[in-house]
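# Descriptive analysis of the structure
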Amino acid sequence: MNDKPFFVHDRGICESTRVGNGTRVWAFAHVLPGAVIGANCNICDHVFIENDVSVGDDVTIKSGVQLWDGVRLGNRVFVGPNATFTNDRFPRSKHYPEQFLQTIVEDGASIGANATILPGITIGRQAMIGAGAVVTKNVPANAVVVGNPAVIVGYQTGPQVEPVMTQAAPGAAGDRMALGVGGCELWRLPHFSDLRGELAPLEFGQNLPFKPLRSFLVYGVRSDKVRGEHAHRQCQQFLIATHGRLSVVVDDGHGRKEVSLADPSVGLYLPPGVWGIQYKFQPDTVLLVMASHPYDASDYIRDYSDFLATVGPDDR
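Starting afresh in each chain, residues are numbered from 1 along the sequence in its written order. Thresholds applied to this predicted model are a pLDDT of at least 70 for local features of residues and 80 or more for the giving and counting of side-chain atom pairs; totals over whole chains, interfaces and linings are not thresholded and use all residues. The basis for the side-chain values is all heavy atoms of the structure; hydrogens and waters are excluded.

With that settled, consider the overall build of the protein. A run of H or I in DSSP becomes a helix once it reaches four residues, and a run of E becomes a strand once it reaches two; helices and strands are each numbered from the N terminus. Counting secondary structure elements, the protein contains one helix and 34 strands. Viewed in the frame of its principal axes, the protein has a C-alpha envelope of about 80 × 40 × 35 Å. Out of the 316 residues belonging to the protein, those deemed buried represent 45%. Exposure was quantified through the Shrake-Rupley algorithm and a 1.4 Å probe, taking into account, for residues, occlusion by the shown protein chains and nothing else. Here the protein has roughly 15600 Å² of accessible surface; of this, 52% comes from carbon and sulfur atoms. For the purpose of charge, His is not counted, nor are the chain termini; Lys and Arg are scored as positive and Asp and Glu as negative. Throughout, a charge is located at the NZ atom of Lys, the CZ atom of Arg, the CG atom of Asp or the CD atom of Glu. Across the protein, the mean location of the 27 positive side-chain charges is 3 Å away from that of the 32 negative side-chain charges. The rule is simple: take the accessible area with a 1.4 Å probe, protein chains only, and divide by the maximum for that residue type; under 20% is buried, over 50% is exposed, in between is partly exposed.

In C-alpha coordinates form, the structure reads like this:
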(Lines give C-alpha, C1' and ligand atoms only; values in the text may rest on other atoms or scores of the structure.)
Protein backbone atom coordinates (compact mmCIF):
# COMPACT_ATOMS: atom_id res chain seq x y z
CA MET A 1 0.00 0.00 0.00
CA ASN A 2 1.46 3.39 -0.99
CA ASP A 3 1.33 5.69 2.09
CA LYS A 4 2.81 8.71 0.27
CA PRO A 5 0.70 11.66 -0.90
CA PHE A 6 1.79 10.79 -4.43
CA PHE A 7 1.60 7.58 -6.44
CA VAL A 8 4.54 5.46 -7.62
CA HIS A 9 3.87 2.38 -9.74
CA ASP A 10 5.28 -0.90 -8.40
CA ARG A 11 7.75 -0.90 -11.31
CA GLY A 12 8.63 2.78 -11.06
CA ILE A 13 11.46 4.26 -8.98
CA CYS A 14 11.12 7.60 -7.21
CA GLU A 15 14.11 8.37 -4.95
CA SER A 16 13.08 12.01 -4.38
CA THR A 17 11.04 12.96 -1.34
CA ARG A 18 10.26 16.43 -2.76
CA VAL A 19 7.23 15.41 -4.80
CA GLY A 20 3.89 17.21 -4.64
CA ASN A 21 0.53 15.77 -3.71
CA GLY A 22 -1.35 13.93 -6.42
CA THR A 23 1.65 13.35 -8.70
CA ARG A 24 1.79 9.96 -10.41
CA VAL A 25 5.02 8.20 -11.38
CA TRP A 26 4.34 5.29 -13.71
CA ALA A 27 6.11 2.03 -14.59
CA PHE A 28 9.82 2.06 -15.52
CA ALA A 29 10.10 5.78 -14.74
CA HIS A 30 13.07 6.79 -12.56
CA VAL A 31 13.29 10.01 -10.52
CA LEU A 32 16.66 10.69 -8.85
CA PRO A 33 16.80 11.94 -5.24
CA GLY A 34 17.71 15.58 -5.98
CA ALA A 35 14.79 16.26 -8.32
CA VAL A 36 11.93 18.53 -7.25
CA ILE A 37 8.52 17.60 -8.66
CA GLY A 38 5.38 19.68 -8.18
CA ALA A 39 1.82 18.63 -7.41
CA ASN A 40 -0.60 16.82 -9.71
CA CYS A 41 2.03 15.88 -12.30
CA ASN A 42 1.82 12.86 -14.58
CA ILE A 43 5.19 11.19 -15.22
CA CYS A 44 4.59 8.46 -17.76
CA ASP A 45 6.39 5.16 -18.46
CA HIS A 46 10.12 5.22 -19.28
CA VAL A 47 10.76 8.79 -18.10
CA PHE A 48 14.14 9.55 -16.47
CA ILE A 49 14.63 12.64 -14.30
CA GLU A 50 18.10 13.62 -13.03
CA ASN A 51 19.00 15.40 -9.78
CA ASP A 52 19.28 19.07 -10.74
CA VAL A 53 15.79 19.25 -12.25
CA SER A 54 12.71 21.14 -11.13
CA VAL A 55 9.19 20.47 -12.39
CA GLY A 56 6.22 22.71 -11.58
CA ASP A 57 2.62 21.80 -10.84
CA ASP A 58 0.18 20.14 -13.25
CA VAL A 59 2.95 19.05 -15.64
CA THR A 60 2.58 16.13 -18.07
CA ILE A 61 5.73 14.29 -19.18
CA LYS A 62 4.95 11.62 -21.76
CA SER A 63 6.84 8.38 -22.31
CA GLY A 64 10.44 8.30 -23.46
CA VAL A 65 11.48 11.72 -22.12
CA GLN A 66 14.70 12.38 -20.18
CA LEU A 67 15.10 15.51 -18.08
CA TRP A 68 18.82 16.10 -17.54
CA ASP A 69 20.52 18.29 -14.95
CA GLY A 70 19.69 21.94 -15.56
CA VAL A 71 16.16 21.49 -16.91
CA ARG A 72 13.49 23.69 -15.34
CA LEU A 73 9.83 23.13 -16.22
CA GLY A 74 7.20 25.66 -15.11
CA ASN A 75 3.59 24.97 -14.22
CA ARG A 76 1.18 23.31 -16.69
CA VAL A 77 3.95 22.36 -19.13
CA PHE A 78 3.31 19.52 -21.57
CA VAL A 79 6.26 17.46 -22.86
CA GLY A 80 5.33 15.09 -25.69
CA PRO A 81 6.59 11.55 -26.27
CA ASN A 82 10.33 11.18 -26.90
CA ALA A 83 11.01 14.92 -26.77
CA THR A 84 14.75 15.33 -26.18
CA PHE A 85 16.44 17.82 -23.84
CA THR A 86 20.20 18.44 -23.89
CA ASN A 87 22.47 20.17 -21.37
CA ASP A 88 25.97 20.19 -22.89
CA ARG A 89 26.80 21.98 -26.16
CA PHE A 90 30.07 20.10 -26.64
CA PRO A 91 29.65 16.67 -25.02
CA ARG A 92 32.60 14.32 -24.65
CA SER A 93 32.52 10.94 -22.93
CA LYS A 94 33.78 11.19 -19.32
CA HIS A 95 34.30 14.97 -19.64
CA TYR A 96 31.81 16.97 -17.61
CA PRO A 97 31.33 20.75 -17.50
CA GLU A 98 31.67 22.53 -14.17
CA GLN A 99 28.03 23.52 -14.44
CA PHE A 100 25.35 22.37 -16.85
CA LEU A 101 23.44 24.99 -18.82
CA GLN A 102 19.92 25.70 -17.67
CA THR A 103 17.05 25.04 -20.05
CA ILE A 104 13.88 26.83 -18.95
CA VAL A 105 10.37 25.99 -20.12
CA GLU A 106 7.98 28.61 -18.79
CA ASP A 107 4.39 28.18 -17.61
CA GLY A 108 1.88 26.68 -20.01
CA ALA A 109 4.32 25.85 -22.82
CA SER A 110 3.90 22.66 -24.87
CA ILE A 111 6.64 20.61 -26.54
CA GLY A 112 5.59 18.26 -29.33
CA ALA A 113 6.67 14.66 -29.83
CA ASN A 114 10.29 14.10 -30.90
CA ALA A 115 11.24 17.77 -30.59
CA THR A 116 14.86 18.46 -29.67
CA ILE A 117 15.71 21.32 -27.30
CA LEU A 118 19.30 22.58 -27.27
CA PRO A 119 20.83 23.55 -23.90
CA GLY A 120 20.68 27.01 -22.39
CA ILE A 121 17.41 27.91 -24.12
CA THR A 122 14.31 29.56 -22.69
CA ILE A 123 10.92 28.57 -24.09
CA GLY A 124 8.46 31.34 -23.24
CA ARG A 125 5.12 30.95 -21.50
CA GLN A 126 2.31 29.43 -23.59
CA ALA A 127 4.70 28.76 -26.50
CA MET A 128 3.99 25.76 -28.75
CA ILE A 129 6.89 23.65 -30.09
CA GLY A 130 5.85 21.57 -33.09
CA ALA A 131 6.52 17.84 -33.33
CA GLY A 132 10.04 17.09 -34.53
CA ALA A 133 11.21 20.72 -34.24
CA VAL A 134 14.86 21.37 -33.44
CA VAL A 135 14.94 24.41 -31.16
CA THR A 136 18.28 26.22 -31.33
CA LYS A 137 17.29 29.67 -30.00
CA ASN A 138 15.04 31.16 -27.34
CA VAL A 139 11.34 30.96 -28.16
CA PRO A 140 9.20 34.02 -27.33
CA ALA A 141 6.09 33.76 -25.21
CA ASN A 142 3.00 32.55 -27.12
CA ALA A 143 5.01 31.71 -30.27
CA VAL A 144 4.39 28.65 -32.44
CA VAL A 145 7.61 27.20 -33.89
CA VAL A 146 8.24 24.32 -36.29
CA GLY A 147 11.04 22.89 -38.41
CA ASN A 148 14.80 22.28 -38.29
CA PRO A 149 16.03 24.70 -37.18
CA ALA A 150 12.76 25.83 -35.63
CA VAL A 151 11.27 29.10 -36.88
CA ILE A 152 8.25 31.08 -35.75
CA VAL A 153 5.20 30.43 -37.92
CA GLY A 154 2.51 31.96 -35.72
CA TYR A 155 1.37 33.13 -32.32
CA GLN A 156 -1.40 31.99 -30.00
CA THR A 157 -3.78 34.72 -31.11
CA GLY A 158 -6.83 33.13 -32.64
CA PRO A 159 -8.06 34.20 -36.10
CA GLN A 160 -6.03 36.88 -37.83
CA VAL A 161 -7.70 40.30 -38.11
CA GLU A 162 -7.89 41.63 -41.64
CA PRO A 163 -8.27 45.41 -41.87
CA VAL A 164 -11.67 45.38 -43.58
CA MET A 165 -12.93 48.93 -43.19
CA THR A 166 -15.46 51.14 -44.88
CA GLN A 167 -13.84 52.78 -47.88
CA ALA A 168 -13.65 56.50 -47.22
CA ALA A 169 -14.34 59.07 -49.90
CA PRO A 170 -11.20 59.98 -51.84
CA GLY A 171 -9.05 62.41 -49.89
CA ALA A 172 -10.89 61.92 -46.60
CA ALA A 173 -9.88 60.01 -43.52
CA GLY A 174 -12.31 57.17 -42.90
CA ASP A 175 -13.25 54.74 -40.19
CA ARG A 176 -11.38 53.57 -37.16
CA MET A 177 -11.57 49.90 -36.25
CA ALA A 178 -11.05 49.09 -32.55
CA LEU A 179 -9.25 45.79 -31.98
CA GLY A 180 -10.36 45.34 -28.37
CA VAL A 181 -6.75 45.04 -27.20
CA GLY A 182 -5.29 47.82 -25.07
CA GLY A 183 -6.84 50.64 -27.11
CA CYS A 184 -5.24 49.52 -30.39
CA GLU A 185 -7.02 50.74 -33.53
CA LEU A 186 -6.78 50.51 -37.29
CA TRP A 187 -7.08 53.92 -38.97
CA ARG A 188 -8.15 54.65 -42.53
CA LEU A 189 -5.85 57.44 -43.72
CA PRO A 190 -6.47 60.14 -46.34
CA HIS A 191 -5.71 58.83 -49.81
CA PHE A 192 -6.12 59.90 -53.44
CA SER A 193 -6.20 57.75 -56.55
CA ASP A 194 -6.13 58.64 -60.25
CA LEU A 195 -4.53 57.44 -63.46
CA ARG A 196 -1.14 58.58 -62.23
CA GLY A 197 -1.22 56.31 -59.18
CA GLU A 198 -1.93 56.49 -55.46
CA LEU A 199 -1.16 59.21 -52.90
CA ALA A 200 -1.56 58.98 -49.11
CA PRO A 201 -0.63 62.30 -47.44
CA LEU A 202 -0.02 62.57 -43.68
CA GLU A 203 -0.44 65.87 -41.85
CA PHE A 204 1.12 65.70 -38.40
CA GLY A 205 -1.30 66.85 -35.73
CA GLN A 206 -4.36 66.44 -37.95
CA ASN A 207 -4.90 62.93 -39.34
CA LEU A 208 -2.71 60.94 -36.94
CA PRO A 209 -3.48 60.02 -33.30
CA PHE A 210 -0.46 62.04 -32.10
CA LYS A 211 2.18 64.41 -33.42
CA PRO A 212 5.25 62.26 -34.19
CA LEU A 213 8.66 63.24 -32.86
CA ARG A 214 10.48 60.33 -34.47
CA SER A 215 10.04 57.97 -37.40
CA PHE A 216 11.98 55.04 -38.81
CA LEU A 217 11.74 52.43 -41.56
CA VAL A 218 11.97 48.67 -41.08
CA TYR A 219 12.93 46.80 -44.27
CA GLY A 220 15.05 43.96 -45.55
CA VAL A 221 13.60 41.61 -42.93
CA ARG A 222 13.78 37.93 -43.83
CA SER A 223 10.45 36.12 -43.67
CA ASP A 224 11.65 33.91 -40.79
CA LYS A 225 12.71 36.84 -38.62
CA VAL A 226 10.73 38.68 -35.95
CA ARG A 227 10.88 42.36 -35.05
CA GLY A 228 9.48 44.27 -32.10
CA GLU A 229 8.91 41.97 -29.13
CA HIS A 230 8.63 44.84 -26.66
CA ALA A 231 6.24 47.36 -25.15
CA HIS A 232 6.58 51.04 -24.28
CA ARG A 233 5.80 52.76 -21.01
CA GLN A 234 4.90 56.16 -22.53
CA CYS A 235 5.63 56.15 -26.25
CA GLN A 236 2.76 55.78 -28.75
CA GLN A 237 3.40 54.25 -32.16
CA PHE A 238 1.66 54.27 -35.54
CA LEU A 239 2.55 51.57 -38.10
CA ILE A 240 2.01 51.66 -41.88
CA ALA A 241 3.04 49.00 -44.38
CA THR A 242 4.21 51.34 -47.13
CA HIS A 243 5.10 48.38 -49.35
CA GLY A 244 4.45 44.65 -49.13
CA ARG A 245 2.73 42.79 -46.31
CA LEU A 246 3.47 41.79 -42.72
CA SER A 247 1.61 40.69 -39.60
CA VAL A 248 1.55 42.51 -36.27
CA VAL A 249 0.65 40.86 -32.96
CA VAL A 250 -0.75 43.19 -30.29
CA ASP A 251 -1.02 42.02 -26.69
CA ASP A 252 -2.20 43.96 -23.62
CA GLY A 253 -1.52 41.13 -21.15
CA HIS A 254 -5.17 40.03 -21.11
CA GLY A 255 -6.01 39.67 -24.81
CA ARG A 256 -4.05 39.23 -28.02
CA LYS A 257 -4.77 39.67 -31.72
CA GLU A 258 -2.87 39.45 -34.98
CA VAL A 259 -3.36 42.08 -37.69
CA SER A 260 -2.37 41.91 -41.34
CA LEU A 261 -0.96 45.17 -42.76
CA ALA A 262 -0.70 45.52 -46.53
CA ASP A 263 -2.49 48.76 -47.48
CA PRO A 264 -0.49 52.04 -47.27
CA SER A 265 -3.73 53.90 -46.55
CA VAL A 266 -4.37 51.88 -43.36
CA GLY A 267 -2.34 52.43 -40.19
CA LEU A 268 -2.20 50.59 -36.88
CA TYR A 269 -2.20 52.65 -33.67
CA LEU A 270 -0.33 51.14 -30.68
CA PRO A 271 -0.83 52.99 -27.37
CA PRO A 272 1.64 52.61 -24.49
CA GLY A 273 1.39 49.41 -22.49
CA VAL A 274 0.89 47.14 -25.52
CA TRP A 275 3.32 44.35 -26.40
CA GLY A 276 3.96 44.49 -30.14
CA ILE A 277 5.49 41.93 -32.49
CA GLN A 278 6.04 42.21 -36.24
CA TYR A 279 6.65 39.10 -38.35
CA LYS A 280 5.64 37.28 -41.55
CA PHE A 281 7.40 39.92 -43.62
CA GLN A 282 6.93 39.33 -47.33
CA PRO A 283 9.96 40.05 -49.55
CA ASP A 284 10.64 43.77 -50.08
CA THR A 285 8.20 44.81 -47.34
CA VAL A 286 8.80 48.30 -45.94
CA LEU A 287 7.26 49.22 -42.59
CA LEU A 288 7.01 52.88 -41.55
CA VAL A 289 6.87 53.46 -37.79
CA MET A 290 6.05 56.87 -36.28
CA ALA A 291 6.63 57.48 -32.57
CA SER A 292 5.33 60.10 -30.18
CA HIS A 293 8.60 60.34 -28.23
CA PRO A 294 12.33 60.44 -29.03
CA TYR A 295 14.27 57.24 -28.47
CA ASP A 296 14.64 56.43 -24.76
CA ALA A 297 15.97 53.01 -23.76
CA SER A 298 14.31 53.27 -20.33
CA ASP A 299 10.87 53.53 -21.99
CA TYR A 300 11.14 49.98 -23.38
CA ILE A 301 9.87 46.84 -21.66
CA ARG A 302 11.78 44.03 -23.37
CA ASP A 303 11.00 41.04 -21.14
CA TYR A 304 7.52 39.57 -21.45
CA SER A 305 7.34 38.54 -17.79
CA ASP A 306 8.23 42.11 -16.78
CA PHE A 307 5.53 43.34 -19.15
CA LEU A 308 2.89 41.13 -17.51
CA ALA A 309 3.99 42.32 -14.09
CA THR A 310 3.65 45.92 -15.26
CA VAL A 311 0.19 45.67 -16.82
CA GLY A 312 -1.31 43.43 -14.14
CA PRO A 313 -2.28 39.76 -13.67
CA ASP A 314 -2.56 37.60 -16.76
CA ASP A 315 -6.11 36.24 -16.90
CA ARG A 316 -5.49 33.76 -19.72
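With that settled, consider the sheet that holds strand β20 (residues 143-146). Strands pair, by our definition, only if DSSP identifies at least two bridges between them. Taken in spatial order, the nine strands line up as β1-β3-β6-β9-β12-β15-β18-β20-β21 in an open sheet, and their pairing is mixed. Looking at which strands have only one partner, the edges of the open sheet turn out to be β1 (7-8) and β21 (151-155). Where strand β18 (residues 128-129) and β20 come together, two bridges link them in parallel fashion. Paired with Ile129 across the two strands is Val145, which belongs to β20.

Below, the discussion takes up unusual backbone geometry. In this structure, the amide linkage connecting Asn148 to the following residue, Pro149, adopts the cis form with an omega of -5 degrees. Here Pro149 shows up in the loop between β20 and β21. Within the chain, Asn40 stands out as a residue other than glycine whose phi angle is a positive 60 degrees. Relative to the helices and strands, Asn40 is located in the loop between β5 (36-37) and β6 (42-43). Phi at Gln126 is positive, roughly 65 degrees, even though this residue is not glycine. As for its placement among the helices and strands, Gln126 is situated in the loop between β17 (122-123) and β18. Residue class for Gln126 comes out partly exposed when judged on its relative accessible area of 30%.

Read these as spatial facts, not as claims about activity.
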